[in-house]
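Geometric and topological summary
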Amino acid sequence: MRLVHGLANTLIVQAFKHVPWLASRWAKSHQFVEGRDIPWAPLRKPVADSTIAFVTTAGVHLKSQEPFNMDDPDGDPSFRAIPAGVPRADRTITHKYYDHSAADRDINVVLPLDRIRELLTQKRIGGIAPFVYGFMGHIDGPHLRTLREVSAPEVAWRLKSDGAEAVVLTPA
Amino acid sequence: MGLIQRTIEAEGIPTVGISILKEVTEKVRPPRSVYLRYPFGHPLGDAFNVTQQRTILLDALRALETITEPGTIVEPGYAWRRHRFE
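First things first, this report covers the structure right here in the doc. Being a predicted model, the structure only gives us computed values, none of them experimental.

Along its length, chain B carries three helices and three strands. When its helices and strands are written in sequence order, chain B yields α-β-α-β-α-β. Computed over its C-alpha atoms, the radius of gyration of chain B comes to 13 Å, within 12% of the 12 Å expected for a compact globule of 86 residues. Looking at chain B as a whole, 51% of its 86 residues qualify as buried. Long-range contacts, defined here as pairs at least 24 residues apart, represent 49% of the contacts in chain B between residues at least 6 apart.

This is the structure:
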C-alpha cells in the first residue's frame, strides 16, 4: 500500500512538473490548513536599516547535512540551518516534488543569496541574518502537526536569536 | 510555507512570502505576500536573470514597508518569460 502510495505520488509529481496548470487544480481541491486570524508584527524600522533573513521550502541544505526524507509521501517536517554565506560547492537541493534544474544552476531563483548581498553592498538593507532556514515543502498528514508545533516555532525562535528583523520566505 | 510564515510573524518578526500558488495563499492567509504566476522552481524567475531576481526580491522587501492590511497579496503581474525587466 505504502509502495503504491509512493508510486502514485511520484507520478503526480512528474505530472506537476510537465503540466503546470495541474498545480492550480491540485491547489483548488487539496485541503489546506486554513488561516482565520492573521498574525501581524509591524516592521519596526525601514528595510534599509533592517536585518533580513530567508526561510525557504525549496529543499536547500548543506551537503554535509542529512538530506530531506523523500520516501515518506507526507514529506519531511524537519529543517536545516544553512549559513547565509554558504559557498556554492557546499550546498545542494533535495526535493523531488519540483524541477530544480534551474535552481541547481542558479540558486537565486529559489533563494536569492547573491541578490541580497548586492542589496547590502548598495545599503538597501541593513544586514543579512547569519542563517537561512531550509525546509522541504509538501508536508502533509501527521507531519503538519510537527511542523506547526515543533519545527516552525523552533525556527521562529532561532530567527529571533539570530537578530532577524524581517523574514522573506520563498517556495519551491 | 504559509504556516511557517504565520508562526514566525506570531513570534513578532514581520514576514513576506513569495507565492506562486494564489489559491493556497488565499486559504492559508499569511500576513504579506507577493504573488507571481510563475512555474514551480522559479519563484524569483529565471536562472541568471539578475535584474528579474533583484526586482522580485525588492518587490518583496517593499511589501514589508507598504502592506498595512494583514493578508494582503501584492501582484506585480510580470508575465512569465514575456515581461522585460530593466
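Our focus in this paragraph is the nonpolar core. The nonpolar side chains of a soluble globular protein tend to be buried with one another. By size, the foremost hydrophobic cluster in this structure holds 62 residues, and its most contacted members are A:Val110, A:Leu159, A:Val167 and B:Ala60. Top element by residues in this core is helix H3 (residues 50-66) of chain B. It accounts for six residues. Discounting chain neighbours no more than four positions away, the residues touching A:Leu159 are A:Ala53, A:Ala129, A:Ala164, A:Val167, B:Ile8 and B:Ile13.

So, on to the interface of chain B and chain A. Accessible area lost when the parts come together is the quantity often used to give the size of an interface. Contact with chain B, which involves 45 residues of that partner, is made by 54 residues of chain A. Elements represented by at least two residues in the side of chain B that touches chain A include exactly helix H1 (2-10), strand E1 (15-19), helix H2 (22-28) and H3 of chain B. Sheet topology places strand E7 (residues 166-170) of chain A next to E1(B); three bridges connect them, and they run parallel. Paired with A:Val168 across the strands is B:Val16, a residue of E1(B).

With 17 residues, H3(B) should reach 24 Å at 1.5 Å per residue; the first-to-last C-alpha distance of 24 Å fits that figure. Where H3(B) is concerned, the buried positions are B:Gln52, B:Gln53, B:Arg54, B:Ile56, B:Leu57, B:Ala60, B:Leu61, B:Ala63 and B:Leu64. Those residues of H3(B) hidden inside the fold are in contact with helix H4 (113-121) and E7 of chain A together with E1, strand E2 (32-35) and strand E3 (72-74) of chain B.

The next point concerns H4(A). Taken together, the buried positions of H4(A) are A:Leu113, A:Arg115, A:Ile116 and A:Leu119. For H4(A), the arc enclosing every buried residue in end-on projection is 160°, short of the 170-degree limit, so these residues lie on one face. Those residues of H4(A) that are buried lie in contact with strand E1 (51-56) and strand E5 (127-128) of chain A together with H3 of chain B. Remark: A:Lys123 follows H4(A) within two positions and exhibits a positive phi of approximately 60°.

At a minimum axis separation of 10 Å, H4(A) and H3(B) run at an interaxial angle of 70°. Viewed along their axes, H4(A) and H3(B) adopt a mutual orientation that is roughly perpendicular. For the pair formed by H4(A) and H3(B), the contact residues are A:Arg115, A:Ile116 and A:Glu118 on the first element and B:Gln53, B:Arg54 and B:Leu57 on the second. Here the contact of H4(A) with H3(B) is composed, by residue class, of two nonpolar, one polar and three charged.

Geometrically, a packed helix pair is captured by the angle between its two axes and the distance between the axes. In the contact formed by helix H5 (residues 143-161) of chain A and H1(B), the axes pass within 9 Å of each other and the chain directions differ by 50°. In terms of their interaxial angle, H5(A) and H1(B) are classed as oblique. For the pair H5(A) and H1(B), the crossing hand works out as right-handed. Taking contact as the criterion, the partners of A:Leu147, A:Arg148, A:Ala152, A:Pro153, A:Val155, A:Ala156 and A:Leu159 in H5(A) are, on H1(B), B:Leu3, B:Ile4, B:Thr7 and B:Ile8. Partitioning the contact of H5(A) with H1(B) into residue classes produces nine nonpolar, one polar and one charged.

Residue and element names in this part refer to chain B. Note that E1 and E2 share three bridges and pair parallel. Its bridge partner being in E2, serine 19 is matched across the sheet by tyrosine 35. Handedness of the β-α-β unit built from E1, H2 and E2 comes out right-handed. Relative to E3, E2 is paired through three bridges, and the arrangement is parallel. Directly across from arginine 32, in E3, lies its bridge partner threonine 72. Crossover handedness for the path E2 to H3 to E3: left-handed.

About the thresholds
Residues numbered from 1 in each chain as written. Chains lettered and ligands numbered in written order. Predicted model: local features only at pLDDT ≥ 70, side-chain atom pairs only at ≥ 80, totals over all residues. Helix = DSSP H or I, 4+ residues; strand = E, 2+ residues; numbered from the N terminus. Rg over C-alpha atoms; globule rule 2.2 N^0.38 Å. Buried ≥ 20, exposed ≤ 12 C-beta atoms within 10 Å, placed from the backbone. Contact = placed C-beta atoms within 7 Å. Core = buried A, V, L, I, M, F, W, Y, C linked by C-beta atoms within 7 Å. Pairing = 2+ DSSP bridges. Expected span 1.5 Å × (residues − 1). Arc of directions from axis to C-beta. Axes fitted to C-alpha atoms, helices over the stretch in contact; angles between N-to-C directions. Parallel < 35°, antiparallel > 145°, perpendicular 65-115°, else oblique. Nonpolar A, V, L, I, M, F, W, Y, C, P; charged D, E, K, R; others polar. Left-handed = near helix turned anticlockwise from the far one by under 90°. Right-handed = clockwise from strand over helix to strand, strands pointing away.

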